[in-house]
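Take a look at the letters that make up each chain.
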Amino acid sequence: ISFDQQIFKRIVEFGWPLMINAVLMFFVYQGDKFIIGAYYDIEKLGVYSAAFMLTMAPALLVSRVLNSIILPFFSKKQDDLKQLNASYLHSTEITILIISAYTVFFTLYGGAALALVFGKHFQGNAELMAALGVLWSLRILRVPATLLAMSRGHTKVGLTANIFRSFAIFGVFYFSIRQYPIELIAYIGCGGELLAVLITLIQIKHKYGSQYQLFSPNVWLFLFSVITSMIYI
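Everything in this summary refers to the structure shown in the same document. (Residues numbered from 1 in each chain as written. Predicted model: local features only at pLDDT ≥ 70, side-chain atom pairs only at ≥ 80, totals over all residues. Heavy atoms only, no water.)

### Examining the overall build of the protein chain
Right, so step 1: The secondary structure content of the protein chain amounts to nine helices and zero strands.
Right, so step 2: Order of helices (α) and strands (β) in the protein chain, N terminus to C terminus: α-α-α-α-α-α-α-α-α.
Right, so step 3: Against the compact-globule benchmark of 17 Å for 233 residues, the protein chain has a radius of gyration of 19 Å, which places it among compact chains.
Right, so step 4: Once the C-alpha set of the protein chain is aligned to its principal axes, its extents read approximately 60 × 40 × 30 Å. (Helix = DSSP H or I, 4+ residues; strand = E, 2+ residues; numbered from the N terminus. Rg over C-alpha atoms; globule rule 2.2 N^0.38 Å.)

### Focus on the packing of helix H1 (residues 5-39) against helix H7 (residues 168-177)
Right, so step 1: Put simply, H1 and H7 touch, their axes get as near as 9 Å, and they point 10° apart. As the angle between them shows, H1 and H7 are arranged roughly parallel. Touching Val28, Gly31, Asp32, Ile35, Ile36 and Tyr39 of H1 are Ile169, Val172, Phe173, Ser176 and Ile177, all from H7. (Axes fitted to C-alpha atoms, helices over the stretch in contact; angles between N-to-C directions. Parallel < 35°, antiparallel > 145°, perpendicular 65-115°, else oblique. Contact = heavy atoms within 4.5 Å.)

### Looking at the pattern of salt bridges
Right, so step 1: Taken as a whole and judged by the stated rule, the model has two salt bridges.
Right, so step 2: The closest approach of N and O atoms between Glu193 and Arg142, which form a salt bridge, is 2.9 Å. Taken together, the residues span a long stretch of sequence, with Glu193 in helix H8 (residues 182-208) and Arg142 in the loop between helix H4 (126-141) and helix H5 (143-151) at a distance of 51 residues.
Right, so step 3: Note that Arg165 is salt-bridged to Glu193, the shortest N-O span being 2.8 Å. With Arg165 in helix H6 (residues 156-165) and Glu193 in helix H8, the pair connects residues that are 28 residues apart, well separated along the chain. Both residues of the pair, Arg165 and Glu193, count as buried. (Salt bridge = Lys/Arg side-chain N within 4 Å of Asp/Glu carboxyl O. Buried < 20%, exposed > 50% of the residue type's maximum accessible area, 1.4 Å probe, protein only.)

### A word on the layout of surface pockets
Right, so step 1: The volume enclosed by the largest pocket comes to roughly 720 Å³.
Right, so step 2: For the lining of the largest pocket, the secondary structure elements donating two or more residues are H1, helix H2 (42-76), H4, H5 and H6.
Right, so step 3: At eight residues, H1 tops the list of elements feeding residues into the lining of the largest pocket.
Right, so step 4: Of the residues contributing to the lining of the largest pocket, the split by class is 13 nonpolar, nine polar and four charged. (1 Å grid on protein atoms, 1.4 Å probe; cavity = no way out; pocket = protein on both sides within 12 Å on 5 of 7 lines; lining within 4 Å. Points joined across faces, edges and corners; volume = space filled by probe spheres on them. Nonpolar A, V, L, I, M, F, W, Y, C, P; charged D, E, K, R; others polar.)

### A look at H4
Right, so step 1: Given a rise of 1.5 Å per residue, 16 residues ought to cover 22 Å, and the 22 Å separating the end C-alpha atoms of H4 matches this to within 8%.
Right, so step 2: The buried count for H4 comes to 14 of 16 residues, which makes it a mostly enclosed element. (Expected span 1.5 Å × (residues − 1).)

### Observations concerning unusual backbone geometry
Right, so step 1: In this structure, Gln179 takes a positive phi of about 55° despite not being glycine.
Right, so step 2: Examined against the element boundaries, Gln179 turns out to sit in the loop between H7 and H8.

### Things to note about the side chain of Asn21
Right, so step 1: Tracing the backbone shows Asn21 in helix H1.
Right, so step 2: By relative accessible area, which is 16% here, Asn21 ends up buried.
Right, so step 3: Apart from residues no more than four positions distant in its own chain, Asn21 is found in contact with Gly158, Leu159 and Asn162.

### Focus on helix H3 (residues 81-118)
Right, so step 1: The terminal C-alpha atoms of H3, which comprises 38 residues, lie only 48 Å apart, well short of the 56 Å expected from a rise of 1.5 Å per residue.
Right, so step 2: Of all the bends found along H3, the most pronounced is centred on Tyr109 and spans about 65°.
Right, so step 3: One or two positions beyond H3, positive phi appears at Gly119, with a value near 115°. (Bend = angle between axes of the 7 residues up to and from the residue.)

### Re the nonpolar core
Right, so step 1: Ranked by internal contacts, the top residues of the largest apolar core, which has 55 residues, are Tyr48, Leu128, Leu132 and Ile204.
Right, so step 2: Broken down by secondary-structure element, the contributors of at least two residues to this core are H1, H2, H3, H4, H5, H7, H8 and helix H9 (217-232).
Right, so step 3: Residues in contact with Ile204, not counting those within four places in the same chain, are Tyr88, Ala145, Leu148, Ala149, Val157, Gly209 and Ser210. (Core = buried A, V, L, I, M, F, W, Y, C linked by side-chain atoms within 4.5 Å.)

Now the structure itself:
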């Protein structure tokens, strides 16, 4: 057993953004509930927390599966930037198809699923479930780009994006003290996630020259899924 300063330095440089990122996300997501609990009644907090948990669980599952599959695949190609970029584009296409189905499900059936899981007192929250479905879809969308950076040993990409994501907490506070409908709180979160997606894509393009076409057919499919489902509600 021995101490190697260079290896220790690499470990710290790789790990500290991940640790701070985890703490930051905990306060962001729990902060929404804390603020809602401070300015709304307990029933509103209960509805928001239940809806948030129900949409979060499958999103985290999908993210972990993508992490397990994509990161080792990217890591094998980390020294060939051309192949790595091609794999990143393919992974993003697949991810968009997944989140399109995810968004449609929670937009069309989220309200019914919430009432089924938590009881009839949670009926009438279809719009909230739809908004939170979009929020988590945008969160999943960042996975391939974040893993691309991580496969190259760069963990600050995800942290930087989540710092911008955390700005949404100010919007949550503003809407909460005025007691706007809690659906608008979820829309603020969607705005924060969208900003984080854009920041992530900008960083990936700057660092590796990877540029995903924002108006590819699959992106149009995702937008069409969101718009038509919202109209249905």
